[in-house]
Amino acid sequence: MSTPTRDERDYYERIYTVTCQVPHGQVATYGDIATIVGDGCDARIVGHALGALGSRADRVPWQRVINRTGGISTSGYGQREALEAEGVTFDERDHVRMETHHWSGPSEDWARAHGFQPLPPRAEKPTDAQLRLF
């Protein structure tokens, strides 16, 4: 992987700042982090930034960022184990139980004070009983 340019490094720093806000025992998606960072950031950029952590991986909680379905996208060892050590639980498909562990994002005050945007409220998902009707 090539070394990011100065502008990319600055962008990556914003991604790392947001990732550090994800609390112990909770997870965010790559898309959540991109939405909070804003300014044209997308999930792929977040993935590239986390992949470029290098020696900073012990200070930025990269393991708390997963894909939108609750799956682990990294090929490296240790993400699931690190999440389980924080109390994050997985379902029978080996996906994080998002209804329990999905972070709702930073407070609006924190986001605005640091030049970010809060996550929009998530729509309520239908219950299993409602799904069975269809």
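Counting from 1, residues in each chain are numbered in the order their sequence is written. Only residues with pLDDT of 70 or above have their local features reported here, since the model is predicted, and side-chain atom pairs are shown and tallied only from 80 upward, although totals for entire chains, interfaces and linings are computed over all residues. Side-chain calculation: all heavy atoms of the structure are included, whereas hydrogens and water are not.

1. Considering the side chain of histidine 101
Moving on, step 1. Strands here are runs of E lasting at least two residues and helices are runs of H or I lasting at least four, both read from the DSSP assignment and numbered beginning at the N terminus. Structurally, the position occupied by histidine 101 is in helix α5 (residues 98–101).
Moving on, step 2. Side-chain atoms alone can form a polar contact between residues adjacent in sequence; in general such a contact is a pair of N or O atoms within 3.5 Å, and within protein one must be able to donate a hydrogen while the other accepts it. A distance of 2.9 Å separates a polar atom in the side chain of histidine 101 from a polar atom in the side chain of threonine 89.
Moving on, step 3. Any two residues whose heavy atoms approach within 4.5 Å at even a single point are treated as in contact. Setting aside residues no more than four positions away along its own chain, histidine 101 makes contact with Gly25, Gln26, Val27, Gly87, Val88, Thr89 and Val96.

2. Some points on the packing of helix α2 (residues 30–37) against helix α3 (residues 43–51)
The description of two packed helices rests on the angle between their axes and on the distance between the axes.
Moving on, step 1. Relative orientation of the contacting elements α2 and α3 amounts to 100°, with a least axis distance of 8 Å. One way to sum up the angle between α2 and α3 is to call them roughly perpendicular. Between α2, through Tyr30, Gly31, Ile33 and Ala34, and α3, the contact on the second element is made entirely by Ala43, Val46, Gly47 and Leu50.
Moving on, step 2. Its residues placed into classes, the contact of α2 with α3 shows six nonpolar, two polar and no charged. To get an axis, fit a line to the C-alpha atoms, keeping to the stretch in contact for a helix; angles then go from 0 to 180 degrees between the N-to-C directions. Orientation is classified from the angle alone, with under 35 degrees giving roughly parallel, over 145 giving roughly antiparallel, 65 to 115 giving roughly perpendicular, and any other angle giving oblique. Amino acids are sorted into nonpolar (Ala, Val, Leu, Ile, Met, Phe, Trp, Tyr, Cys and Pro), charged (Asp, Glu, Lys and Arg) and polar (every other residue, Gly among them).

3. Focus: the side chain of threonine 29
Moving on, step 1. In this fold, threonine 29 is placed in strand β1 (residues 28–29).
Moving on, step 2. In this view, threonine 29 contacts Val65, Ile66, Asn67, Arg68, Met98 and His102; residues no more than four positions away in its chain are not counted.

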